[in-house]
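Results of the structural survey
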Amino acid sequence: MTTSNFAPDTKPTLAQLERLNEECFCITLDRDGLFRALELKAGDPQIFSALMNARPHLFSNSPVFLSKSNLAEMLQIIHAIEEAARLPGYREAALSWAPESALRDYGPLGALMGYDFHLTTDGPKLIEINTNAGGAFLNALLVDAQRACCSNTDAALFRSQGANFDSSITAMFQNEWRLQRKGVGVLRRIAIVDDRPEEQYLYPEFILAQRLLQKEGIESVIADPAYLQYKRGQLFFADQIVDLVYNRLVDFSLGLPVHNDLRAAYLDDAVVVTPNPHVHAIFADKRNMTLLSDQGLLASWGLSPQMVAYLAQVPRTVLVTSAIAPHLWQTRKNLFFKPAGGHGGKAVYRGDKLTKGVWDEILRGTYVAQDFAAPAERMVKVDGTPVARKTDIRLYVYNGELLLAAARLYQGQTTNFRTPGGGFAPVFFTEPNPELDEHDIEH
(Lines give C-alpha, C1' and ligand atoms only; values in the text may rest on other atoms or scores of the structure.)
Protein backbone atom coordinates (compact mmCIF):
# COMPACT_ATOMS: atom_id res chain seq x y z
CA MET A 1 0.00 0.00 0.00
CA THR A 2 1.44 3.33 -1.01
CA THR A 3 -1.34 5.87 -0.71
CA SER A 4 -4.56 6.43 1.15
CA ASN A 5 -7.19 8.94 0.00
CA PHE A 6 -9.41 9.09 3.08
CA ALA A 7 -10.88 12.54 3.45
CA PRO A 8 -10.48 14.00 6.96
CA ASP A 9 -14.17 13.40 7.72
CA THR A 10 -14.42 9.83 6.35
CA LYS A 11 -14.01 6.49 8.04
CA PRO A 12 -13.14 3.07 6.56
CA THR A 13 -15.65 0.24 6.29
CA LEU A 14 -15.16 -3.15 7.94
CA ALA A 15 -14.03 -4.52 4.59
CA GLN A 16 -11.52 -1.70 4.35
CA LEU A 17 -10.19 -2.51 7.82
CA GLU A 18 -9.63 -6.09 6.71
CA ARG A 19 -7.79 -4.82 3.64
CA LEU A 20 -5.69 -2.52 5.81
CA ASN A 21 -4.57 -5.52 7.84
CA GLU A 22 -3.93 -7.50 4.66
CA GLU A 23 -2.28 -4.89 2.48
CA CYS A 24 -1.26 -1.79 4.42
CA PHE A 25 2.48 -1.56 4.99
CA CYS A 26 2.63 2.23 4.99
CA ILE A 27 2.38 2.81 8.74
CA THR A 28 5.43 1.32 10.30
CA LEU A 29 7.44 1.37 13.48
CA ASP A 30 10.02 4.09 13.95
CA ARG A 31 12.48 1.82 15.76
CA ASP A 32 15.04 4.53 16.33
CA GLY A 33 12.39 6.76 17.88
CA LEU A 34 11.07 3.92 20.00
CA PHE A 35 14.53 3.01 21.28
CA ARG A 36 15.26 6.65 22.12
CA ALA A 37 11.99 6.87 24.06
CA LEU A 38 12.68 3.59 25.84
CA GLU A 39 16.22 4.63 26.75
CA LEU A 40 14.97 7.97 28.04
CA LYS A 41 12.32 6.26 30.18
CA ALA A 42 14.80 3.64 31.42
CA GLY A 43 17.40 6.21 32.39
CA ASP A 44 20.36 3.98 31.41
CA PRO A 45 20.84 3.99 27.61
CA GLN A 46 23.74 1.55 27.46
CA ILE A 47 22.18 -1.22 29.52
CA PHE A 48 18.78 -0.75 27.93
CA SER A 49 20.17 -0.80 24.38
CA ALA A 50 21.88 -4.09 25.12
CA LEU A 51 18.65 -5.55 26.46
CA MET A 52 16.61 -4.44 23.47
CA ASN A 53 19.19 -5.57 20.91
CA ALA A 54 18.96 -9.05 22.42
CA ARG A 55 15.21 -9.03 21.74
CA PRO A 56 14.87 -8.29 18.01
CA HIS A 57 11.33 -9.68 17.76
CA LEU A 58 9.81 -7.95 20.77
CA PHE A 59 8.06 -5.40 18.52
CA SER A 60 6.45 -5.82 15.14
CA ASN A 61 6.90 -3.10 12.53
CA SER A 62 3.17 -2.94 11.76
CA PRO A 63 0.09 -1.87 13.72
CA VAL A 64 -3.22 -3.72 13.70
CA PHE A 65 -6.41 -1.97 12.61
CA LEU A 66 -9.74 -2.67 14.33
CA SER A 67 -13.11 -0.98 14.54
CA LYS A 68 -14.37 0.76 17.63
CA SER A 69 -17.26 -1.70 17.57
CA ASN A 70 -14.70 -4.51 18.08
CA LEU A 71 -13.44 -2.68 21.15
CA ALA A 72 -16.95 -2.14 22.46
CA GLU A 73 -17.74 -5.85 22.10
CA MET A 74 -14.56 -6.87 23.94
CA LEU A 75 -15.31 -4.46 26.79
CA GLN A 76 -18.86 -5.83 27.03
CA ILE A 77 -17.42 -9.33 27.49
CA ILE A 78 -15.02 -8.08 30.17
CA HIS A 79 -17.78 -6.29 32.05
CA ALA A 80 -19.92 -9.44 31.91
CA ILE A 81 -17.05 -11.48 33.35
CA GLU A 82 -16.62 -9.04 36.20
CA GLU A 83 -20.37 -9.17 36.88
CA ALA A 84 -20.26 -12.97 36.89
CA ALA A 85 -17.24 -12.99 39.21
CA ARG A 86 -19.26 -11.16 41.87
CA LEU A 87 -21.97 -13.83 41.99
CA PRO A 88 -21.85 -16.11 45.07
CA GLY A 89 -22.46 -19.19 42.93
CA TYR A 90 -19.58 -18.38 40.61
CA ARG A 91 -17.20 -17.57 43.44
CA GLU A 92 -18.03 -20.77 45.28
CA ALA A 93 -17.37 -22.81 42.13
CA ALA A 94 -14.12 -21.00 41.27
CA LEU A 95 -12.77 -21.30 44.80
CA SER A 96 -13.70 -25.00 45.00
CA TRP A 97 -10.55 -25.85 43.01
CA ALA A 98 -8.41 -23.01 44.34
CA PRO A 99 -5.36 -23.50 46.60
CA GLU A 100 -5.59 -22.59 50.27
CA SER A 101 -3.59 -19.39 49.77
CA ALA A 102 -6.32 -18.08 47.46
CA LEU A 103 -9.31 -18.49 49.73
CA ARG A 104 -9.13 -15.16 51.57
CA ASP A 105 -10.04 -11.94 49.80
CA TYR A 106 -7.80 -9.13 51.05
CA GLY A 107 -9.47 -6.50 48.87
CA PRO A 108 -7.21 -5.78 45.84
CA LEU A 109 -8.85 -6.14 42.43
CA GLY A 110 -5.73 -7.18 40.52
CA ALA A 111 -3.28 -4.81 38.84
CA LEU A 112 -3.05 -4.86 35.04
CA MET A 113 -5.50 -7.63 34.27
CA GLY A 114 -5.04 -8.96 30.75
CA TYR A 115 -7.93 -10.20 28.59
CA ASP A 116 -6.83 -11.95 25.39
CA PHE A 117 -9.09 -12.16 22.33
CA HIS A 118 -9.11 -13.63 18.86
CA LEU A 119 -11.04 -11.62 16.29
CA THR A 120 -13.25 -13.98 14.26
CA THR A 121 -15.95 -13.53 11.65
CA ASP A 122 -18.45 -14.00 14.51
CA GLY A 123 -16.85 -11.23 16.56
CA PRO A 124 -14.25 -11.21 19.34
CA LYS A 125 -13.75 -14.49 21.19
CA LEU A 126 -12.22 -14.42 24.68
CA ILE A 127 -9.34 -16.90 24.69
CA GLU A 128 -8.04 -16.47 28.22
CA ILE A 129 -7.63 -14.18 31.20
CA ASN A 130 -4.24 -13.35 32.73
CA THR A 131 -3.56 -11.81 36.12
CA ASN A 132 0.11 -11.03 35.45
CA ALA A 133 -0.26 -9.88 31.86
CA GLY A 134 3.05 -8.62 30.54
CA GLY A 135 3.89 -5.89 28.07
CA ALA A 136 1.77 -2.93 29.13
CA PHE A 137 4.69 -0.61 29.96
CA LEU A 138 6.35 -1.43 26.65
CA ASN A 139 3.18 -0.99 24.64
CA ALA A 140 2.47 2.37 26.22
CA LEU A 141 5.49 3.74 24.35
CA LEU A 142 4.91 1.74 21.19
CA VAL A 143 2.00 3.76 19.84
CA ASP A 144 3.94 7.01 19.84
CA ALA A 145 6.80 5.38 17.94
CA GLN A 146 4.62 4.57 14.93
CA ARG A 147 4.94 6.92 11.99
CA ALA A 148 2.71 7.37 8.97
CA CYS A 149 4.61 7.44 5.69
CA CYS A 150 1.48 7.99 3.58
CA SER A 151 1.27 11.71 3.08
CA ASN A 152 -2.52 11.63 2.62
CA THR A 153 -3.33 9.41 5.57
CA ASP A 154 -5.61 11.05 8.10
CA ALA A 155 -3.82 10.34 11.36
CA ALA A 156 -6.95 11.23 13.33
CA LEU A 157 -8.65 8.10 11.99
CA PHE A 158 -6.40 5.77 13.88
CA ARG A 159 -6.39 6.21 17.61
CA SER A 160 -5.18 3.83 20.23
CA GLN A 161 -5.74 3.95 23.98
CA GLY A 162 -3.58 4.82 26.94
CA ALA A 163 -3.02 8.58 26.65
CA ASN A 164 -2.98 8.90 30.45
CA PHE A 165 -1.17 5.63 31.06
CA ASP A 166 1.38 6.86 33.62
CA SER A 167 -1.14 8.56 35.88
CA SER A 168 -3.59 5.65 35.51
CA ILE A 169 -0.92 3.16 36.60
CA THR A 170 -0.05 5.23 39.65
CA ALA A 171 -3.72 5.58 40.60
CA MET A 172 -4.17 1.83 40.14
CA PHE A 173 -1.42 0.89 42.60
CA GLN A 174 -2.58 3.53 45.06
CA ASN A 175 -6.10 2.11 44.89
CA GLU A 176 -4.86 -1.46 45.41
CA TRP A 177 -3.09 -0.21 48.53
CA ARG A 178 -6.19 1.58 49.84
CA LEU A 179 -8.46 -1.42 49.22
CA GLN A 180 -6.39 -3.61 51.52
CA ARG A 181 -5.16 -1.03 54.00
CA LYS A 182 -8.50 0.80 54.30
CA GLY A 183 -6.83 4.20 54.32
CA VAL A 184 -4.30 3.37 57.03
CA GLY A 185 -0.70 4.33 56.24
CA VAL A 186 0.99 5.59 53.10
CA LEU A 187 2.23 3.61 50.09
CA ARG A 188 5.97 4.29 50.07
CA ARG A 189 7.70 1.40 48.32
CA ILE A 190 6.69 -1.10 45.64
CA ALA A 191 8.69 -4.22 44.78
CA ILE A 192 8.35 -5.52 41.23
CA VAL A 193 8.82 -9.24 41.89
CA ASP A 194 9.70 -12.13 39.61
CA ASP A 195 12.02 -15.12 39.79
CA ARG A 196 15.48 -14.18 38.49
CA PRO A 197 14.05 -10.96 36.99
CA GLU A 198 17.15 -10.12 34.95
CA GLU A 199 16.69 -13.38 33.04
CA GLN A 200 13.06 -12.77 32.11
CA TYR A 201 12.34 -11.92 28.49
CA LEU A 202 10.22 -8.94 29.54
CA TYR A 203 12.80 -7.63 32.01
CA PRO A 204 13.03 -4.35 30.05
CA GLU A 205 9.50 -3.51 31.12
CA PHE A 206 10.37 -4.11 34.77
CA ILE A 207 12.86 -1.29 34.36
CA LEU A 208 10.22 0.90 32.71
CA ALA A 209 7.73 0.15 35.49
CA GLN A 210 10.32 1.02 38.13
CA ARG A 211 11.17 4.34 36.46
CA LEU A 212 7.51 5.24 35.98
CA LEU A 213 6.72 4.67 39.65
CA GLN A 214 9.79 6.60 40.78
CA LYS A 215 8.83 9.48 38.51
CA GLU A 216 5.39 9.47 40.13
CA GLY A 217 6.94 9.69 43.58
CA ILE A 218 6.77 6.05 44.69
CA GLU A 219 10.00 4.27 45.60
CA SER A 220 10.37 1.03 43.69
CA VAL A 221 12.76 -1.90 43.43
CA ILE A 222 13.04 -4.92 41.14
CA ALA A 223 13.29 -7.93 43.41
CA ASP A 224 13.96 -11.63 43.17
CA PRO A 225 11.69 -13.27 45.77
CA ALA A 226 14.62 -15.37 46.96
CA TYR A 227 15.95 -12.17 48.55
CA LEU A 228 12.73 -11.13 50.26
CA GLN A 229 12.65 -11.60 54.03
CA TYR A 230 9.64 -11.65 56.30
CA LYS A 231 10.67 -10.55 59.78
CA ARG A 232 9.26 -8.49 62.63
CA GLY A 233 5.87 -8.52 60.93
CA GLN A 234 7.09 -6.81 57.74
CA LEU A 235 8.44 -7.82 54.34
CA PHE A 236 11.96 -6.62 53.58
CA PHE A 237 14.15 -6.42 50.50
CA ALA A 238 17.77 -5.48 51.22
CA ASP A 239 16.74 -3.97 54.58
CA GLN A 240 14.03 -1.89 52.91
CA ILE A 241 10.41 -2.36 53.96
CA VAL A 242 8.18 -3.38 51.06
CA ASP A 243 4.63 -2.04 51.26
CA LEU A 244 3.24 -3.49 48.02
CA VAL A 245 4.38 -6.26 45.68
CA TYR A 246 3.64 -5.91 41.96
CA ASN A 247 3.51 -9.65 41.40
CA ARG A 248 4.87 -11.01 38.10
CA LEU A 249 5.42 -14.57 39.36
CA VAL A 250 3.88 -17.53 37.57
CA ASP A 251 3.70 -19.44 40.87
CA PHE A 252 0.15 -18.18 41.25
CA SER A 253 -0.46 -19.75 44.66
CA LEU A 254 2.96 -18.69 46.06
CA GLY A 255 3.47 -22.33 46.89
CA LEU A 256 7.11 -22.88 45.92
CA PRO A 257 9.67 -22.98 48.77
CA VAL A 258 11.58 -20.04 47.32
CA HIS A 259 8.44 -17.94 47.83
CA ASN A 260 7.89 -18.90 51.48
CA ASP A 261 8.66 -15.46 52.93
CA LEU A 262 6.44 -13.69 50.42
CA ARG A 263 3.65 -16.20 51.00
CA ALA A 264 3.88 -15.84 54.79
CA ALA A 265 3.81 -12.05 54.61
CA TYR A 266 0.86 -12.17 52.22
CA LEU A 267 -1.15 -14.59 54.38
CA ASP A 268 -0.43 -12.51 57.48
CA ASP A 269 -1.66 -9.36 55.72
CA ALA A 270 1.80 -7.85 56.22
CA VAL A 271 2.17 -6.79 52.58
CA VAL A 272 -0.22 -5.91 49.76
CA VAL A 273 0.25 -8.27 46.81
CA THR A 274 -1.26 -7.51 43.42
CA PRO A 275 -2.28 -9.49 41.54
CA ASN A 276 -2.63 -12.01 44.33
CA PRO A 277 -3.61 -15.71 44.58
CA HIS A 278 -7.26 -14.86 45.27
CA VAL A 279 -7.61 -12.74 42.13
CA HIS A 280 -5.93 -15.44 40.06
CA ALA A 281 -8.28 -18.08 41.45
CA ILE A 282 -11.37 -15.99 40.68
CA PHE A 283 -10.36 -14.93 37.17
CA ALA A 284 -7.38 -16.66 35.63
CA ASP A 285 -7.50 -20.35 36.50
CA LYS A 286 -8.30 -21.93 33.12
CA ARG A 287 -10.98 -24.10 34.74
CA ASN A 288 -13.01 -20.94 35.24
CA MET A 289 -13.56 -20.82 31.49
CA THR A 290 -15.81 -23.86 31.95
CA LEU A 291 -18.01 -21.65 34.13
CA LEU A 292 -17.90 -18.55 31.93
CA SER A 293 -18.83 -20.53 28.80
CA ASP A 294 -21.81 -22.28 30.42
CA GLN A 295 -24.70 -19.90 29.78
CA GLY A 296 -27.26 -22.05 31.60
CA LEU A 297 -25.13 -22.20 34.71
CA LEU A 298 -24.50 -18.47 34.67
CA ALA A 299 -28.23 -17.78 34.34
CA SER A 300 -28.98 -20.13 37.24
CA TRP A 301 -26.62 -18.09 39.42
CA GLY A 302 -28.53 -14.91 38.63
CA LEU A 303 -26.47 -13.30 35.85
CA SER A 304 -28.69 -11.03 33.77
CA PRO A 305 -29.79 -12.21 30.29
CA GLN A 306 -27.82 -9.39 28.67
CA MET A 307 -24.59 -10.36 30.43
CA VAL A 308 -25.19 -14.03 29.66
CA ALA A 309 -25.57 -13.08 25.99
CA TYR A 310 -22.23 -11.24 26.03
CA LEU A 311 -20.53 -14.33 27.45
CA ALA A 312 -21.74 -16.40 24.50
CA GLN A 313 -18.50 -15.08 22.97
CA VAL A 314 -16.47 -17.23 25.37
CA PRO A 315 -15.60 -20.43 23.46
CA ARG A 316 -17.15 -23.54 25.01
CA THR A 317 -14.68 -25.00 27.49
CA VAL A 318 -14.84 -28.28 29.40
CA LEU A 319 -12.66 -29.97 31.98
CA VAL A 320 -10.77 -32.94 30.54
CA THR A 321 -11.86 -36.04 32.46
CA SER A 322 -11.58 -39.76 31.83
CA ALA A 323 -15.36 -39.91 31.37
CA ILE A 324 -15.38 -37.68 28.31
CA ALA A 325 -11.83 -38.42 27.11
CA PRO A 326 -12.96 -40.70 24.22
CA HIS A 327 -15.28 -37.98 22.88
CA LEU A 328 -12.60 -35.30 23.23
CA TRP A 329 -10.10 -37.47 21.37
CA GLN A 330 -12.57 -38.02 18.54
CA THR A 331 -13.32 -34.28 18.24
CA ARG A 332 -9.80 -33.07 19.05
CA LYS A 333 -9.25 -31.36 15.67
CA ASN A 334 -11.67 -28.63 16.71
CA LEU A 335 -10.23 -28.19 20.21
CA PHE A 336 -7.40 -26.45 22.02
CA PHE A 337 -6.02 -28.04 25.20
CA LYS A 338 -4.67 -25.90 28.04
CA PRO A 339 -3.35 -26.71 31.53
CA ALA A 340 -5.48 -25.26 34.33
CA GLY A 341 -2.58 -23.32 35.83
CA GLY A 342 -0.76 -22.65 32.58
CA HIS A 343 0.94 -19.46 31.44
CA GLY A 344 2.81 -18.10 28.45
CA GLY A 345 1.49 -20.75 26.09
CA LYS A 346 3.45 -23.51 27.83
CA ALA A 347 2.09 -27.08 27.50
CA VAL A 348 -0.73 -25.79 25.27
CA TYR A 349 -1.72 -27.99 22.33
CA ARG A 350 -3.78 -27.70 19.16
CA GLY A 351 -5.96 -30.78 18.99
CA ASP A 352 -5.09 -31.51 15.36
CA LYS A 353 -1.40 -31.67 16.32
CA LEU A 354 -1.83 -34.10 19.22
CA THR A 355 0.08 -37.35 19.41
CA LYS A 356 -1.02 -40.28 21.55
CA GLY A 357 1.93 -39.65 23.88
CA VAL A 358 0.94 -36.03 24.47
CA TRP A 359 -2.68 -37.07 24.91
CA ASP A 360 -1.67 -39.44 27.69
CA GLU A 361 0.17 -36.57 29.40
CA ILE A 362 -2.95 -34.41 29.15
CA LEU A 363 -5.05 -37.13 30.76
CA ARG A 364 -2.59 -37.40 33.63
CA GLY A 365 -2.68 -33.64 34.22
CA THR A 366 -5.40 -31.06 34.89
CA TYR A 367 -6.46 -29.70 31.52
CA VAL A 368 -9.36 -27.95 29.86
CA ALA A 369 -10.48 -28.39 26.28
CA GLN A 370 -11.65 -25.23 24.53
CA ASP A 371 -13.41 -24.88 21.21
CA PHE A 372 -10.85 -23.63 18.73
CA ALA A 373 -11.33 -19.99 17.68
CA ALA A 374 -9.01 -19.23 14.80
CA PRO A 375 -7.00 -16.02 15.19
CA ALA A 376 -7.17 -13.26 12.63
CA GLU A 377 -4.12 -12.52 10.52
CA ARG A 378 -2.03 -9.44 9.79
CA MET A 379 0.18 -9.29 6.73
CA VAL A 380 3.65 -7.92 7.47
CA LYS A 381 6.80 -7.58 5.44
CA VAL A 382 9.86 -9.65 6.32
CA ASP A 383 12.90 -8.82 4.20
CA GLY A 384 10.57 -7.08 1.77
CA THR A 385 8.27 -10.09 1.33
CA PRO A 386 4.65 -10.02 2.61
CA VAL A 387 3.98 -12.84 5.06
CA ALA A 388 0.98 -13.67 7.26
CA ARG A 389 1.20 -13.49 11.02
CA LYS A 390 -1.48 -14.63 13.47
CA THR A 391 -2.94 -11.91 15.67
CA ASP A 392 -4.39 -11.78 19.14
CA ILE A 393 -5.62 -8.71 20.98
CA ARG A 394 -4.84 -8.01 24.63
CA LEU A 395 -6.78 -5.47 26.64
CA TYR A 396 -5.07 -4.30 29.82
CA VAL A 397 -7.82 -3.48 32.29
CA TYR A 398 -8.13 -2.31 35.88
CA ASN A 399 -11.44 -2.31 37.74
CA GLY A 400 -13.35 -2.55 34.47
CA GLU A 401 -11.53 0.43 32.92
CA LEU A 402 -9.37 0.06 29.83
CA LEU A 403 -5.76 1.09 30.39
CA LEU A 404 -4.30 0.04 27.05
CA ALA A 405 -4.94 -2.12 24.01
CA ALA A 406 -2.19 -4.04 22.21
CA ALA A 407 -1.81 -6.81 19.67
CA ARG A 408 0.64 -9.67 19.48
CA LEU A 409 1.71 -11.02 16.10
CA TYR A 410 3.14 -14.51 15.93
CA GLN A 411 3.63 -17.76 14.07
CA GLY A 412 2.89 -21.24 15.40
CA GLN A 413 0.51 -22.29 18.18
CA THR A 414 1.06 -19.42 20.61
CA THR A 415 2.86 -16.11 21.00
CA ASN A 416 6.57 -16.52 21.60
CA PHE A 417 8.31 -13.25 20.60
CA ARG A 418 10.67 -15.26 18.42
CA THR A 419 8.91 -14.73 15.09
CA PRO A 420 10.44 -12.48 12.40
CA GLY A 421 7.89 -9.74 11.75
CA GLY A 422 6.09 -10.61 14.99
CA GLY A 423 5.95 -9.16 18.48
CA PHE A 424 3.88 -6.52 20.20
CA ALA A 425 1.98 -4.18 17.89
CA PRO A 426 -0.23 -1.19 18.67
CA VAL A 427 -3.95 -1.39 17.92
CA PHE A 428 -5.52 1.52 16.06
CA PHE A 429 -9.29 1.77 16.46
CA THR A 430 -11.63 3.61 14.10
CA GLU A 431 -15.36 3.65 13.46
CA PRO A 432 -16.35 2.09 10.13
CA ASN A 433 -18.55 4.07 7.77
CA PRO A 434 -20.95 1.77 5.86
CA GLU A 435 -21.58 4.42 3.20
CA LEU A 436 -18.04 4.14 1.83
CA ASP A 437 -17.02 1.60 -0.77
CA GLU A 438 -13.97 -0.52 -0.02
CA HIS A 439 -12.26 0.88 -3.12
CA ASP A 440 -12.04 4.26 -1.39
CA ILE A 441 -8.60 3.08 -0.28
CA GLU A 442 -5.99 3.09 -3.04
CA HIS A 443 -3.25 0.50 -2.91
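Here we summarise the structure given alongside this text.

Attention now moves to the sheet that holds strand 15 (residues 349–350). In space, the four strands of this open sheet follow the order 13-16-14-15, with antiparallel pairing throughout. Two strands lie at the open edges of the sheet, namely strand 13 (317–319) and strand 15, each paired on one side alone. Bridging between strand 14 (residues 335–339) and strand 16 (residues 367–371) involves five bridges; their strand directions are antiparallel. When the sheet's bridge partners are listed, Lys338 is paired in strand 16 with Val368.

Our focus in this paragraph is the pairing of strand 8 (residues 228–231). In terms of strand pairing, strand 8 meets strand 9 (residues 234–237) through four bridges, oriented antiparallel. From the neighbouring strand, Gln229 faces strand 9, where its bridge partner is Phe236. Between strand 8 and the antiparallel strand that follows it, strand 9, lie two residues; Arg232 among them carries a positive phi value of about 55°.

Moving on, we come to the pattern of salt bridges. Applying the stated criterion across every chain, the model contains 18 salt bridges. With a shortest N-O distance of 3.7 Å, Arg91 and Asp105 are connected by a salt bridge. With Arg91 in helix 5 (residues 88–95) and Asp105 in the loop between helix 5 and strand 3 (113–120), this pair connects stretches of sequence that are 14 residues apart. When its relative accessible area of 24% is taken as the criterion, Arg91 is described as partly exposed. Assessed through its relative accessible area of 43%, Asp105 is described here as partly exposed. Linking Lys215 and Asp166 is a salt bridge whose minimum nitrogen-to-oxygen distance equals 3.4 Å. Of this pair, Lys215 sits in helix 8 (residues 203–215) while Asp166 sits in helix 7 (residues 165–181), placing them 49 residues apart in sequence. For Lys215, a relative accessible area of 52% translates into the label exposed. Sharing partners across several salt bridges, the network here consists of Lys41, Asp166, Lys215 and Glu216.

Looking now at the packing of aromatic side chains. One pass over the full model with this rule turns up 10 aromatic pairs. For the pair Tyr90 and Trp301, a centre-to-centre distance of 6.3 Å together with 85° between the ring planes defines the contact as edge-to-face. Note that Tyr90 is positioned in helix 5 and Trp301 in the loop between helix 12 (295–300) and helix 13 (305–310), a separation of 211 residues in sequence. Taken together, Phe137, Phe165, Phe173 and Tyr246 form an aromatic cluster joined through their ring pairs. Positioned above the aromatic ring of Phe236, the side-chain terminus of Lys231 is 5.1 Å from the ring centre.

Thresholds, definitions, all that
Residues numbered from 1 in each chain as written. Predicted model: local features only at pLDDT ≥ 70, side-chain atom pairs only at ≥ 80, totals over all residues. Heavy atoms only, no water. Pairing = 2+ DSSP bridges. Helix = DSSP H or I, 4+ residues; strand = E, 2+ residues; numbered from the N terminus. Salt bridge = Lys/Arg side-chain N within 4 Å of Asp/Glu carboxyl O. Buried < 20%, exposed > 50% of the residue type's maximum accessible area, 1.4 Å probe, protein only. Phe/Tyr/Trp six-rings, centres within 6.5 Å; stacked < 30°, edge-to-face > 60°. Lys NZ or Arg CZ within 6 Å of the ring centre and 35° of its normal.

Geometric descriptors of this kind do not, in isolation, establish any biological role.
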